[in-house]
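# Examination of the molecular architecture
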Amino acid sequence: MVAGIKGMLIANRKVENQVKTYITYNKGRDWRLLQAPSTDLEGNPIYCVLPFCSLHLQLQMSENPYLSGSITTKSSVPGVIVATGNIGSELSYNNVGMFISSDAGNTWRQIFDEEHNVWFLDKGGALLAVKQPTVPTRHLWISFDEGQQWTRHSFSAMPLFVDGVLVEPGMDNQILTFFGHFSDRSEWQLIKIDYKSMFTKRCTEGDFQTWHLHNQGEPCVMGQKQLYMKRRPGVYCMLGKESSRILSVEPCICRAHDFECDYGFERRGDGNCMPAFWFNPATVSRSCSQGQNYLNSTGYRKVAANNCTKGVKEMYTARKQQCPNRPPRGLQLATRDNKLTANLGSNVTFVVQLEEGDSLRTNIQLDFGDGTAVSYSNLSWTEEGIRHVYRSAGIFRVTALAENTLGYDSTSLYLHVTYHPLYTVHLLNFSTKTKKKQLCKGSISHVFTAEGMNTVTVQVSSANSLLQDTKTIAVQEFFKSLLLSFSPNLDEANPDIPEWRQDVGRVIKKALLQIADIPADQLLVAVFPGIPTAAELFILPNKNQSDARKRNEEDLEQISEILVSALNQNLVEFELKPGSRVIVYITQLTLAPLVDSIPRHSSSAMLMLLSVVFLGLAVFLIYKFKRKIPWINIYAEVNHEKEQEMIGTVGQNDATMPKITLSEFSSPKELMEKELEVRVKREYMLFIYTVHKLSNNKQCCVTL
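Cut-offs and rules
Residues numbered from 1 in each chain as written. Predicted model: local features only at pLDDT ≥ 70, side-chain atom pairs only at ≥ 80, totals over all residues. Heavy atoms only, no water. Phe/Tyr/Trp six-rings, centres within 6.5 Å; stacked < 30°, edge-to-face > 60°. Lys NZ or Arg CZ within 6 Å of the ring centre and 35° of its normal. Pairing = 2+ DSSP bridges. Helix = DSSP H or I, 4+ residues; strand = E, 2+ residues; numbered from the N terminus. pLDDT = per-residue confidence, 0-100. Contact = heavy atoms within 4.5 Å. Salt bridge = Lys/Arg side-chain N within 4 Å of Asp/Glu carboxyl O. 1 Å grid on protein atoms, 1.4 Å probe; cavity = no way out; pocket = protein on both sides within 12 Å on 5 of 7 lines; lining within 4 Å. Points joined across faces, edges and corners; volume = space filled by probe spheres on them. Nonpolar A, V, L, I, M, F, W, Y, C, P; charged D, E, K, R; others polar.

Under an unreviewed UniProt entry, the chain has the name Sortilin related VPS10 domain containing receptor 3 and belongs to Astyanax mexicanus.

Right, here's the structure in full:
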């Protein structure tokens, strides 16, 4: 924050792995880069063109209260900024220098090519500069014209490592105190300087001039024109008191840059403020009761402390509207300590909250699950919580009901009241009101007998600790599904939490509905956990359509083709944040495009399987009774004679080879047994593979 000028800020921002310095005059609504000086200390021109090159400042505050730090401003001299920085494409700690601005950051000049500490003297009437304490020095520099000219003065006979400077306060006190050391082994040195003799007189009215605060020529800053009075540069007069004072303030006509985006809205590429993907602008506070009024945001709000009037103020200001009479929605029930366990006989406090609805005209009922229930005429009576003591151990379903003349909403939780350690898993199906209990080593299964939405809650408890998770399962006789993927920029914003996945799922569904005329209840989007981000789109049959099953399947195929065509053409996209759009792609179809729960049998598949079975039995019988088949023995004898001839021939041609007797070889019957065994194994493996393949494709199997 720049001292003395309301709404003016200087900040460093990382953009594409480069740190750059930006300035704003309306509390962060608009930012721009700093224009570099046009010349260096020697007067040579500096070629630095925005936005490729600009001035960047080091904005660290000094931990030593007696050093100035890398940037210095003072409210008594508004518009004067002294800082350490560099010129280039990004912030760097090489080739740094000292820069000063006399017009609130509009233009800059270089004053030193090394780092210095700078203080304001005489309430800002003069500037004092001393080198960094890492370098010993005997000199200090004084400027009376806002850094345009500097005069050098000696303050020590020996070079001193200056560890700090104390500018003593007081209107008639012009004393400087230097403290430091001559070397690492020397003691502390204190040097006091009275700089009163540097001034020739006290300042009079003729020694001052007016100065207009502006933003690159724009006189309206924070909705007003401000005219200051400050000392003329180069006049050696002593101020003695605060020199800067505002002569006049004139309000300006409100314009668009005087307004920023309201809560829940983001500025898009065209400059307009639109609702963020996680924000619902139609939501009204639950404290808004019928007959009362509330302020309905236009998406804009005036920058804080901005004093503009008229103009577009009426268009951007929130409008007063009457609170609508709404049914209760978003009812939430929890314990005060957010635990789902309690000790027997302890006092349990339940907290009921309502996201939407008229809290003053909504009746609240709470059933503790142990035969006790309470009722309240409105939600305000439950602000401090509802207390209850359980007299028996067990798992109790606590249900809350919010109801008014327009509708109702309900929610529930399961409280585990124990008096001894337990370690069990409980699955509770809210829709069918069934309850199963099983140890953690096993698994729990359930068959849904009807279509619809089913809420399933799983609890894991150990002693007094209990965890709970709730999922909603859509049960359909058949449906269509598509796998979705996204452009990589979505992964950068993925925190991998359930709330974020639910928000993104709603945004994807909204984007799909914009490109196809499909009822909203026919689409479900589930975003998978983990990175890279992926999702599955479920296309459900129209529950309002009572046609035949075949007609519904054809409708799903038609909707699927429309969506696939749009996804392949990159027509489905949404804006993650200003300037960052996410494109939705189709990954692939699932293996079974239409999932059907009705079993079907194929007669051709059964005949094929029976043929394979008979073939396998035939091979087995041949192998089992091979010794009783005549042609097998003849084949063995012929092979035996040929083997004898071949062995004799080898022995005659090579006299040096060792003699091998026929007894060392396997008998013909043994060879035949091995060969048949290999054939049987091959036929058996082929049979098993065929049965497995057919069973996967035709949903049937054969057991041997």
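## Here's the deal with the packing of aromatic side chains
In the structure shown here, the tally under the stated rule is 18 aromatic pairs. Site record: aromatic cluster; members linked through ring pairs are Phe144, Tyr195, Phe199 and Tyr236. The ring of Tyr22 carries the charged tip of Arg13 above its face, separated from the ring centre by 6.0 Å. Against the face of Trp211 rests Lys230, its NZ or CZ located 4.8 Å from the ring centre.

## A look at the pairing of strand S1 (residues 9-15)
Here S1 runs beside strand S2 (residues 18-24); their pairing, made up of 7 bridges, is antiparallel. Paired with Val15 across the two strands is Gln18, which belongs to S2. What sits between S1 and S2 in their antiparallel hairpin is a turn of 2 residues, with Glu16 showing a positive phi close to 50°.

## Describing the confidence of the model for the chain
For the chain, the mean per-residue pLDDT works out to 78, and 75% of the residues sit at or above 70. Looking over the chain, one finds the lowest element-wise mean pLDDT in helix H6 (residues 630-653), namely 39, and the highest in strand S4 (residues 54-57), namely 96. Note that pLDDT drops below 50 for residues 589-603; the model gives that stretch 22 contacts with residues more than four away or on any other chain. In this model residues 627-665 is a low-confidence stretch, pLDDT under 50, and it forms 15 contacts with partners more than four residues away in sequence or in other chains.

## Some points on the pattern of salt bridges
Opposite charge on two side chains permits pairing when their charged atoms draw close. The tally for this structure, following the rule as stated, stands at 13 salt bridges. One salt bridge in this structure joins Arg506 and Asp503, with 2.2 Å as the shortest N-O distance. Residue Arg506 and its partner Asp503 are both found in helix H3 (residues 498-515); the two are separated by 3 residues, about one turn of the helix. Linked through salt bridges whose partners overlap, the residues forming this network are Arg268, Glu573, Glu575 and Arg581.

## A closer look at empty space enclosed by the protein
Per the counting criterion, the structure on display carries 1 cavity of 30 Å³ or more. Considering the residues around the largest cavity, the lining is formed by 15 residues, among which Val77, Gly124, Gly125, Glu146 and Arg231 are closest to the centre. At the level of elements, strand S10 (126-131) and strand S18 (224-231) are the ones that each hand at least two residues to the lining of the largest cavity. For the lining of the largest cavity, the residue count by class is 6 nonpolar, 4 polar and 5 charged.

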